[in-house]
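Chain residues, written in single-letter form:
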Amino acid sequence: MQITRHPPVKTSLEPSNHPYLSGPWTPCHEEVDVDELEVIEGAIPADIDGIYLRNTENPAHQPLGRHHPFDGDAMVHQVNISRGKASYRNRFVRTQCFEAEQIAGQALWGGLMDPPGTSLRPGFGAHGGLKDTASTDILVHAGTALATLYQCGEAWQMDPVTLENLGKAPWGPIDGVSAHPKVDESTGELMFFNYSVHAPYMHYGVVDRAGKLVHYTPVPLDGPRLPHDMAITANWSILNDMPLFWDAKLLERGIHAARLHEGLPTRFALIPRHGTADEIRWFEAAPTYVLHWTNAWQNGDEVVLEGYYQDEPMPEPLEEQGEHGRMMAYVDEHSFKSRLHRWRFNLTTGECKEERLSDRIVEFGMINPAYAMRKSRYIWSTTTRPGWFLFNGYVRQDTETGEEQIFTLPDGIYASESPMIPRKAAAGDTLAEDDGYLITFLIDENSGTSELAILDASDVAKGPICRLALPHKISSGVHSTWVEHSQLASDRAFKLRQLQEAAA
């Protein structure tokens, strides 16, 4: 294992016992390249051929005020797998805010829980005073990795192979891009939304495979909202207006305090992919909050949406956590009680029907990407350690039979959001929907190390079938993605054709 270490970044971070600056959330400041990872158990399946990217929270500087786990600077970790071998590299995302703090040698912006006036410079995003960290989501569109912020910052570009920073996406609108754009690989289009504190409060857009913003339209709402995710089908994009959002009176004073507004329903906006506000179909459902959707598809006159319904969107503080009790409850699935749920929107009658798919508390689910935007059966969800935002296992959920396969990691070992990698079919073979792998980073607090692990998606209960050692312990974080080398090759060929046509 040959390791290339890069010059260290400036850091003013002090040792801390803060629950989200220590243990598995201890920031990793080292940037390295490793030519080949050591396999410590099993063997890398020969048909895995692509790149795993995970975005993590890594504050470089001492917080100006209180620290929230989502305040950290973005660091992307990558494993590139081909022909039974794997390489590794990691890089900070060089946002304009990260670079400004590197020059200053200290934090310049306050965090999510800090009062107005904490930041030393004007901030960004829907919140207005925050640092644009790009530390929430990571996805690949048109051959470029995009790191995004949940509060609507820029989409920061990276080369998914080298992790070279490529600056902000040139198509980003003035109100930014929220955390979870969706990519339709069949058309090469990226769908996104944003939200703000000024009318019309939400916009929806489409970026084509060439990286051009080809559609951007308002989605008028009654006031500022806090949507987090969206879903797509082949014909529709699904946005939401949920009753958990900022208190309007406090917002007038610059205080961003979310609360559940009693008496308001959940509303869903189904907009044609290139549609406008007057074409939106609105549906009402039971009040809740949803962080993440898993899939959506159309079946005749019905659009089906699946995701994680929260029974307690505004949970009580965790008293045992003292001064951190409220913050920790808001990131604890066992406090807000997220469970797999299905919504059905009837395009003929305008009716919305709902059903609970499982009573198990889970979130951060993945599906077989070949089944995106069409009826899917299996969802691979993560479980968490009660009281914490730490993944401690997986559940393969069968939405047809209700059967669940469960794998729980040993105490002190925590996982990452884990994409499903479909197995490659041999000539004449027909693969099942669950025929493939899960891929994840593991953080082992018992040994102070990290690993890459691969699981059999059809039998997660047996645990990892392959484990590889990482060169350092990484920090925990939020989202991840997988991209096939074949997809990257297709994107490169498309860009080459574009250049040739432009030159002709």
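Since the model is a prediction, treat every value here as computed from it, not as a measurement. Residue positions within a chain follow its written sequence, with the count starting from 1. At least 70 in pLDDT is required for a residue's local features to be given in this predicted model, at least 80 for side-chain atom pairs to be given and counted, and no such filter applies to totals for whole chains, interfaces and linings, which use all residues. Working from all heavy atoms in the structure, the side-chain values ignore hydrogens and water.

Here we take up the overall build of the protein. We count a stretch as a helix when DSSP gives it H or I for four or more residues in a row; a strand needs E for two or more, and each element gets its number in order from the N terminus. Secondary structure assignment for the protein yields five helices and 34 strands. Radius of gyration: over C-alpha atoms. The globule rule applied is 2.2 Å multiplied by the number of residues raised to the 0.38 power. Relative to the compact-globule value of 23 Å for 504 residues, the protein shows a C-alpha radius of gyration of 22 Å, a close match. Each of the three principal axes of the protein carries a C-alpha extent, and together these read 60 × 60 × 55 Å. Here's how the labels work: a residue is buried when its accessible area is under 20% of the maximum for its type, exposed when over 50%, partly exposed in between, all with a 1.4 Å probe on protein chains only. Each of the 504 residues in the protein was classed as buried or not, and the buried ones make up 59%. Only heavy atoms enter the contact rule, under which two residues are in contact if any of them lie within 4.5 Å. Here the analysis covers contacts within the protein between residues at least 6 apart in sequence; of these, 61% occur between residues at least 24 apart. Areas reported as accessible are Shrake-Rupley estimates using a 1.4 Å probe. Residue values count occlusion only from the protein chains shown. Approximately 19,700 Å² of the protein is accessible, and the part contributed by carbon and sulfur atoms is 50%. In the protein, the 43 positive side-chain charges and the 69 negative ones have mean positions that sit 2 Å from each other. For the purpose of counting charges, residues Lys and Arg are taken to be positive, whereas Asp and Glu are taken to be negative. His and the chain ends are not included. Note on charges: their place is set at NZ of Lys, CZ of Arg, CG of Asp or CD of Glu.

Here we come to the packing of aromatic side chains. The criterion for an aromatic pair is that two Phe, Tyr or Trp rings (for Trp, the six-membered ring) have centres within 6.5 Å, with stacked assigned to planes under 30 degrees apart, edge-to-face to planes over 60 apart and tilted to the rest. Counted by the stated rule, this structure contains 20 aromatic pairs. Note on W25 and F389: the rings are 5.8 Å apart at their centroids and 40° apart in plane angle, and the pair reads as tilted. Pair noted here: W25 is in the loop between β1 (3-5) and β2 (32-34) and F389 is in the loop between β26 (378-384) and β27 (391-398), with a separation of 364 residues, a long-range link. Here a set of aromatic residues connected by ring pairs shows up, and it is made of Y20, W25, F70, Y150, F364, W388, F389 and F391. R225 extends its terminal NZ or CZ atom over the ring of F245, reaching a point 3.8 Å from the ring centre. Whether a charge lies above a ring is judged from NZ of Lys or CZ of Arg, which has to be within 6 Å of the ring centre and within 35 degrees of the ring normal.

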